[in-house]
Amino acid sequence: EHATRISEELVPTHCSFCGVQCGMNLKVKDGQVIGVEPRNYPHNRGSLCPKGIVAYQQASHPDRLLYPMIRRGGKGGKLERASWDEALNYIVERWQRIQAEYGKDAVSIYSGSSMTNEKCYAMGKFARAVLGTRHIDYNGRLCMSSAAVAYAKAFGVDRAPLPLTDIPEANCILTVGVNLAECFPIAMQWVWKARDKGAHLIVLDPRETPLARTADLWLPVRPGTDIVVLNAILRQMIHDGLIDEAYLRERTNGWEQVREEVESYTPEYAQKISGVPAARIVAAARLYGRAATSLIMHARGIEHSTHGVDTCLACVNLALARGQLGKPGGGSMMVTGQGNGQGGREMGQKANQLPGYRHIDVPEERQYIADVWGIPVDELPWEGAAATEMVHLMADGEIKSTMIACSNLMVSLPDNKVVQKALHNLDPLIVVDFFMSETAELADVVLPTTVWCEDEGTTTNLEGRVIKINRAVDPPGEAMPDWEILRELARRMGKGALIPYQTSREIWEEVRVASKGGVSDYYGITWEKIDEQSGVFWPCPSEDHPGTPRLFTERFGHPDGKAKMFPITYRPAAEEPGADFPFRLTTGRVVYQYLSGNQTRRLGFLNSQAPEPWVEIHPHAANQLGISNDEIVRLRTPRGSMQLKALVVPSIRPDTLFVPYHYGHAQAINQLTNAAVDPTVKIPEYKVCAATIEKLSTA
Ligand code: SF4
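Computed from a predicted model, the values in this text were never measured in an experiment.

Sorry, what's going on with the nonpolar core here?
Nonpolar side chains in soluble globular proteins tend to be buried together. Residues Trp 95, Phe 126, Phe 155, Leu 234 and Leu 447 are the most contacted members of the largest nonpolar core, which totals 123 residues. No other element matches helix 15 (residues 308–321), which puts ten residues into this core. Summarising the domain contributions, this core has at least three residues from each of domain 2 (69–142 + 340–537) and domain 3 (145–334). If sequence neighbours within four positions are ignored, Phe 155 has contacts with Val 316, Leu 320, Leu 325, Ser 332, Phe 552, Phe 556, Gly 557, His 558 and Ala 563. Ranked by size, the runner-up nonpolar core spans 55 residues in total, among them Val 11, Ala 59, Trp 190 and Ala 194.

I would appreciate a short explanation of the packing of aromatic side chains in the present structure.
In this description, an aromatic ring pair is defined by two values, namely the gap between the centres and the angle between the planes. Inspection of every chain in the model, using the stated rule, returns eleven aromatic pairs. The interplanar angle of 80 degrees and the centroid separation of 5.1 Å between the aromatic rings of Tyr 151 and Phe 155 together place this pair among those described as edge-to-face. Of this pair, Tyr 151 and Phe 155 are both found in helix 5 (residues 145–155), four residues apart, which corresponds to roughly one turn of the helix. Take Tyr 151 and Phe 155: they sit in the same class, and that class is buried.

Quick question: what am I supposed to make of the sheet that holds strand 2 (residues 23–29) here?
Two strands in a sheet stick together by hydrogen bonds in their backbones, pointing the same way (parallel) or opposite ways (antiparallel). Across the sheet, which stays open at both edges, the three strands sit in the order 1-2-3 with antiparallel pairing between neighbours. Pairing within the sheet leaves two strands with one partner each, and these edge strands are strand 1 (9–14) and strand 3 (32–38). Between one strand axis and the next, the sheet turns by 35 degrees as a mean value, whatever way the strands run. Taken together, the six bridges between strand 2 and strand 3 define a ladder with antiparallel strand orientation.

What is the right way to read the pairing of strand 18 (residues 445–448) from this model?
Moving residue by residue along a regular strand, the side chains alternate between the two faces of the sheet. Neither face of strand 18 is left uncovered, since the one carrying Val 445 and Leu 447 and the one carrying Val 446 and Pro 448 both have all their residues buried. Relative to strand 18, strand 4 (residues 69–72) is paired through two bridges, and the arrangement is antiparallel. Residue pairing for strand 18: Met 69 is matched across the bridge by Val 446. Bridging between strand 17 (residues 429–433) and strand 18 involves four bridges; their strand directions are parallel. By the bridge assignment for strand 18, Ile 430 is matched with Val 445.

Looking at this structure, I do not really get the site of the ligand. What am I missing?
As a matter of local geometry, the ligand sits amid Cys 15, Phe 17, Cys 18, Gln 21, Cys 22, Leu 48, Cys 49, Lys 51, Gly 52, Pro 185 and Ile 186. Tallied by class, residues from the shell around the ligand come to eight nonpolar, two polar and one charged.

How should helix 3 (residues 84–102) be read in this particular structure?
An α-helix turns once per 3.6 residues; consequently, residues spaced three or four apart project the same way. Between its first and last C-alpha, helix 3 extends 27 Å over 19 residues, near the 27 Å set by a 1.5 Å rise per residue. Every buried residue of helix 3 is listed here: Trp 84, Ala 87, Leu 88, Ile 91, Val 92, Arg 94, Trp 95, Ile 98 and Gln 99. With its phi angle positive at about 100 degrees, Gly 103 sits one or two positions after the end of helix 3.

Is there a simple way to explain the domain arrangement of the protein chain in this structure?
Interfaces are often sized by the accessible area lost when the parts come together. Along its sequence, the protein chain is carved into domain 1 (2–58), domain 2 (69–142 + 340–537), domain 3 (145–334) and domain 4 (583–698). Between the C-alpha centres of domain 2 and domain 4 the distance comes to 31 Å. With 22 residues of domain 2 at the interface, the matching set in domain 4 holds 24 residues. For Glu 389, the salt bridge is made with Lys 682, and the minimal N-O distance between the two is 3.9 Å. Sorting the residues of the side of domain 2 that touches domain 4 by element identifies helix 18 (387–395), helix 19 (409–412) and helix 20 (416–425) as the ones contributing at least two each. Ranked by the residues each element gives to the side of domain 2 that touches domain 4, the list is headed by helix 19, at three residues. Its residues assigned to classes, the side of domain 2 that touches domain 4 comprises nine nonpolar, six polar and seven charged.

Just checking my understanding: could you explain the sheet that holds strand 18 for this structure?
Strand order in the open sheet formed by seven strands is 5-4-18-17-16-6-7, and the pairing between neighbours is mixed. Of all the strands in the sheet, the pair left with one neighbour each is strand 5 (78–81) and strand 7 (136–138). Across the sheet, the mean angle separating the axes of adjacent strands is 20 degrees when strand polarity is ignored. Relative to strand 16 (residues 401–405), strand 6 (residues 107–111) runs parallel, the two being bridged by four bridges. Directly across from Tyr 110, in strand 16, lies its bridge partner Ile 404. The strands that helix 4 (residues 117–131) touches are strand 6, strand 7 and strand 16; relative to strand 6, the one it contacts most, it runs at about 175 degrees. Where helix 21 (residues 482–492) meets the sheet, its contacts fall on strand 16, strand 17 and strand 18, and the angle it forms with strand 16 comes to roughly 155 degrees.

What is the right way to read the pattern of salt bridges from this model?
Two side chains bearing opposite charge may form a pair once their charged atoms approach each other closely. Enumeration over the complete set of coordinates arrives at 46 salt bridges. Here Asp 455 makes a salt bridge to Lys 119, at a shortest N to O gap of 2.9 Å. Linking Asp 455 in the loop between strand 18 and strand 19 (457–460) with Lys 119 in helix 4, this pair joins segments that are 336 residues apart in sequence. Grouping residues by exposure puts Asp 455 and Lys 119 together as buried. The salt bridge involving Arg 512 is made with Glu 509; its shortest N-O contact spans 2.8 Å. Note that Arg 512 and Glu 509 are positioned in helix 22 (residues 504–515) at a spacing of three residues, about one turn of the helix. Where salt bridges share partners, they join Asp 85, Glu 484, Arg 487, Glu 488, Arg 491 and Arg 492 into one cluster.

Would you explain the packing of helix 3 against helix 21 in this entry?
Packed helices, taken two at a time, are described by their axes: the angle between them and the distance between them. Where helix 3 contacts helix 21, the axes come no closer than 10 Å and their chain directions differ by 55 degrees. Judged on the interaxial angle alone, helix 21 and helix 3 are oblique. In this structure, helix 3 crosses over helix 21, and the sense of that crossing is right-handed. Here Trp 84, Asp 85, Leu 88, Asn 89, Ile 91, Val 92, Trp 95 and Gln 96 of helix 3 come into contact with helix 21, specifically with Ile 485, Glu 488, Leu 489 and Arg 492.

Sorry, what's going on with unusual backbone geometry here?
Outside of glycine, negative phi angles account for most residues, and trans bonds account for most peptide bonds. Look at the link from Asp 427 to Pro 428: it is a cis peptide, with omega at 10 degrees. Examined against the element boundaries, Pro 428 turns out to sit in the loop between helix 20 and strand 17. Across the junction of Trp 538 and Pro 539, the peptide omega takes the value -5 degrees, indicating a cis bond. Tracing the chain through its elements places Pro 539 in the loop between strand 21 (536–537) and strand 22 (563–564). Of note, Arg 45 is a non-glycine position whose phi angle comes to about 45 degrees, a positive value. Mapped onto the fold, Arg 45 is located in the loop between strand 3 and helix 2 (50–54). Positive phi, close to 65 degrees, is recorded for Tyr 357, a residue that is not glycine. Structurally, Tyr 357 can be placed in the loop between strand 14 (353–354) and strand 15 (358–359). Of the residues examined, Tyr 357 reaches a relative accessible area of 7% and is grouped as buried.

About the criteria used
Residues numbered from 1 in each chain as written. Predicted model: local features only at pLDDT ≥ 70, side-chain atom pairs only at ≥ 80, totals over all residues. Heavy atoms only, no water. Core = buried A, V, L, I, M, F, W, Y, C linked by side-chain atoms within 4.5 Å. Buried < 20%, exposed > 50% of the residue type's maximum accessible area, 1.4 Å probe, protein only. Helix = DSSP H or I, 4+ residues; strand = E, 2+ residues; numbered from the N terminus. Domains from an automatic or database assignment. Contact = heavy atoms within 4.5 Å. Phe/Tyr/Trp six-rings, centres within 6.5 Å; stacked < 30°, edge-to-face > 60°. Pairing = 2+ DSSP bridges. Axes fitted to C-alpha atoms, helices over the stretch in contact; angles between N-to-C directions. Near = heavy atom within 4 Å. Nonpolar A, V, L, I, M, F, W, Y, C, P; charged D, E, K, R; others polar. Expected span 1.5 Å × (residues − 1). Salt bridge = Lys/Arg side-chain N within 4 Å of Asp/Glu carboxyl O. Parallel < 35°, antiparallel > 145°, perpendicular 65-115°, else oblique. Left-handed = near helix turned anticlockwise from the far one by under 90°.

As structure tokens, then:
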């Protein structure tokens, strides 16, 4: 036994299964990851949730993609093993032909955010500098792009303003559309600490989630009507004299317009629209408004909406009206979902952004990045299509070929018929992944890449803390990191000098320079400093700067140093219930699965807990329809129908249905969700559409 233990090695790294990015030690023996041990990192202090405990099993999973594949015999043919040379040459030959005939924008990149910062940066540079295409975007568009834009508008900076470890300082926590206990279990320990110290908890959610069951007040809001409740809480606080007038005067612009806007949102009006009892709205205003330090946490429940940006801004208005931004434990906090959701949107793979949060349409910011990359600025493309728009360009034939990395569009995009048409149109469709996904099954070329246990680099967690990912084992078979795949493609395209990296550290050194002086300034963050300080918060403009865990203590990011407040008007969801579709359908996560489920549906313990989706329905609604618990029913929306098991639970509003979204093929709920998007950021309205539910015998 002694000999066995000596031959084991512990490699410090971080879980990849959500934006918390918990620290962990991987146990390695004979070149295999064999388990996980606690790592006392500041934001998780050794704890891991069920996903984190088994995440390591991905590395040696028998389903790993081990070698490149090409579909032989055209679209109806079979994916067969190919050499790297054959696969890469095939892609380059096709891309060059397409771009010569149809222009550079006929090829696009659809990237992801569950990759290291170094991979994300290389994706953006490859698309814009090597391919020269306008069209690169990433799956964070579907995640919380609305919150990112709201914070940029209000604060001039898109980042959670405070670390998780600040949360226990709050005397009141208002959560808005965030199922924190299931989606970010380890972040919950900081909420429990606040509760232990006496903090009140208010939960605004259509479902009585595990978090809501422990709350002082649950506000069971009709999906899509959160703005009404938030504005009504603010109005009540004004009437009760709970506003910090001095803070508003000194640190914000726009308050008077907000005050005027919310005046018509009486508790009674809010009850009529949202279904939340007026008395609970008044109680929430007093509980939240009287707390010395109060924190709002919000996530996809309000961000997946055609008015996602506005709803986040309504949260921000509340926090600013109480003078909370910049206080330890106070303010508002977006809870980023994907593993590297924060870093992924800062590295320059977003349709409208260059590295360091530089805007692609600002001449001096374009010039800076062109100089870092060593290309003429007039060769740097302008803004391209958002991910949700890119799919339509594929379906319409404008984009001829796309490389999809780390994303499973067949499960994650709404209104699946358009997605299927888009993917079938592409020739070639190239998918880079480590497991075969529903999207990869349709690909013409599949390229095997690495999982986090095999990666070296950094990610940025939901706090804005830059952390170090360490390589524990070598990739299996012929799999290689995405950035090496890009390097090999660039070399074959005669542009190897643009992606010259031999190590991911070389990419990191370039990221530091590319982000220097930008909003998300990483220049002072060295890999050594990350280890020494257990992560470094951006902005960190110089090597002797400690980083910035808490933002806005004195100034906001706008040139005048003040926050901007915006009057927010309620607008109904894009699709409201009616006679044929009387329910509101909403979607979300469960604790045992992650994103499209392509990673977690393969891990036995996780999958056995939640192997298939279900539709939650309230007992009153179920009784009226004669539906029993566990009965297979038909769920229909204007886009189609599917059969699901009914879960009859009192923890959901009687006018609302809920389905988890982690499942593929015939069980992918996004076949039924609405593709309408927020006009500013193009995020889809996953969280509400009209639906009906029927017994199979009467369907
Ligand atoms: Fe992994 Fe998130 Fe669970 Fe932490 S909370 S172990 S990062 S899935």
